[in-house]
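Secondary and tertiary structure notes
Next come the chains, spelled out residue by residue.
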Amino acid sequence: MEFLHMALVLGASSPGGLAVVRDLGRQGIGVVTVDAAPGPLGVSKFVREALLLPPPQRGAELMDALEILAKNYTTEGRRPVLYWTEAPYEDFVLQWHGRLKELFLFPLENGAHQKELKDILKHPAAPEGVDYGEYFVEEVEDALGYPMTLVGEEERTVESEEELVQLIREGPAPRYGRRIIPGGDEGVYTATVYYQGGSLMGFVTAQSLRRRGGWAGEASYLRQRWIPDLVPLIHNHIRATGYSGPAEVIFQIDEFSRRVYLQEIRSLFPQYTELLCSLGFHLPLLYYLDATGQKLPRRYLNRDTHRHWLCLMEDLPNVAAKFSTGNLGLMKYLTDFRFKRVSATFALDDPSPGFSAASHFINGHLKKLWGKIFRR
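Residues numbered from 1 in each chain as written. Predicted model: local features only at pLDDT ≥ 70, side-chain atom pairs only at ≥ 80, totals over all residues. Heavy atoms only, no water.

1. Description of the packing of aromatic side chains
Any two aromatic rings considered together are summarised by their centre-to-centre distance and by the angle between their planes. In total, this model carries 13 aromatic pairs according to the counting rule given. Between W84 and Y287, the aromatic rings sit 6.3 Å apart at their centres with planes inclined by 85 degrees, giving edge-to-face as the arrangement. Of this pair, W84 sits in strand β4 (residues 81-84) while Y287 sits in helix α10 (residues 283-291), and the two are 203 residues apart along the sequence. Each of the two residues, W84 as well as Y287, counts as buried. With a centroid separation of 5.5 Å and an interplanar angle of 65 degrees, the aromatic rings of F269 and Y287 are classed as edge-to-face. Residue F269 is found in the loop between β14 (260-266) and α9 (273-278), and its partner Y287 is found in helix α10; the two are separated by 18 residues along the sequence. Y287 carries the same exposure label as F269, and that label is buried. Members of the aromatic cluster, connected to one another through ring pairs, are Y83, W84, F106, F269 and Y287. Lying over the aromatic face of F106, K101 brings its terminal NZ or CZ to 4.6 Å of the ring centre. (Phe/Tyr/Trp six-rings, centres within 6.5 Å; stacked < 30°, edge-to-face > 60°. Helix = DSSP H or I, 4+ residues; strand = E, 2+ residues; numbered from the N terminus. Buried < 20%, exposed > 50% of the residue type's maximum accessible area, 1.4 Å probe, protein only. Lys NZ or Arg CZ within 6 Å of the ring centre and 35° of its normal.)

2. Quick word on the sheet that holds strand β3 (residues 47-52)
As summarised here, the arrangement of the four strands in space is β3-β2-β1-β4, forming an open sheet in which the pairing is parallel. Each edge of the sheet is formed by a strand with only one pairing partner; in this case those strands are β3 and β4. Ignoring which end each strand starts from, the neighbouring axes of this sheet average 20 degrees apart. Here four bridges tie strand β1 (residues 7-10) to β4, and the two strands are oriented parallel to one another. Across the sheet, the residue bridging to A7 is V81, located in β4. (Pairing = 2+ DSSP bridges. Axes fitted to C-alpha atoms, helices over the stretch in contact; angles between N-to-C directions.)

3. Points about α10
Most of α10 is tucked away, with nine of its nine residues classed as buried. Buried residues of α10: L283, P284, L285, L286, Y287, Y288, L289, D290 and A291, and no others. Buried positions along α10 lie against α1 (15-26), β4, β10 (188-196), β13 (245-253) and α9. (Contact = heavy atoms within 4.5 Å.)

4. Structural notes on the packing of α1 against α10
Where α1 contacts α10, the two axes come as close as 8 Å, and the packing angle between them is 65 degrees. Relative to α10, the element α1 lies roughly perpendicular. Crossing handedness for the pair α1 and α10: right-handed. Residues A19, V20, D23 and L24 of α1 touch α10, and the partners they reach there are P284, L285 and Y288. For the contact of α1 with α10, the residue count by class is six nonpolar, no polar and one charged. (Parallel < 35°, antiparallel > 145°, perpendicular 65-115°, else oblique. Left-handed = near helix turned anticlockwise from the far one by under 90°. Nonpolar A, V, L, I, M, F, W, Y, C, P; charged D, E, K, R; others polar.)

5. Let's talk about the nonpolar core
Ranked by internal contacts, the top residues of the largest apolar core, which has 63 residues, are V34, L66, Y83 and L100. Setting aside residues up to four positions removed in sequence, L100 forms contacts with M63, L66, L82, F92, V93 and F106. In terms of nonpolar packing, the next biggest core, distinct from the first, is built from 20 residues, A191, V193, A247 and L262 among them. (Core = buried A, V, L, I, M, F, W, Y, C linked by side-chain atoms within 4.5 Å.)

Written as structure tokens, this is what we have:
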């Protein structure tokens, strides 16, 4: 393997972005990060330069700045490898794909592959063995029935046709409807895969244990678990797109009927990428090798490792809420400590982001407490 190209990471202020930076830095790859504002994780020691540039919503300004960066970090004709780890930057890359492809390296041959990946969710026929958890508004009544959740600027549960009609009339129109599926956070499963030109190069499956804001949010506590049926359910559909890059496929299982629902496909590095790297599935490194035209190792994890991933600052409010409602007992919470855990933010070889996240969390709660005291 040769690591002669710099890496430019768009959006490094999340656990997923931090994991990308660390995995590349541990391989000796020079990393430059771009964010719109300082984040709660601070700056990793593996970052050579941390830059603040216009947000992705100001696309033209950001594009002009990236063009200058690309020229600065291109040495002897070796262009930087471009990463993006957050949805707004993904939209930016799709919009400016033509210019970015001339300046940076990344695996996608064209933006259509990314779009086709997302379009799997719009396909009229679900992959065999699964159903869809989300439908566009025009389809929701026939597909989902009542009650359902409509998602727009905010989520709202709709109990009847009259409520649905009224909600659409009031505007702005919701973007899609979401099926209400019986089951808690532990009914959500993920398959993280890497494809190269439609060929499956590796996968790891996992089960959510706690999520922020229910299944639709990000996992705050998750465990690796080998689930043989997940990858075959979606493999042929992703392969047909010719997609290259990482993908996180999210499923939910009805706890009564045991029917599997395909909820979302994300062409981003998941928030628990640090867990994947600890298991030998180095997603950011695979992406780098793919972008620079090198041979990719294959990694198929088809066994249970009992390894858990924890984003402590996000999980503490979840734990407190579950304690208060009786959905989590003290003994159950304590017994989970027997498993090996991977932290979302803290690492022995890079402790600064973990301390920054803890400081940000504590300061935020102190401010809330201070405000409550002075309102009395």
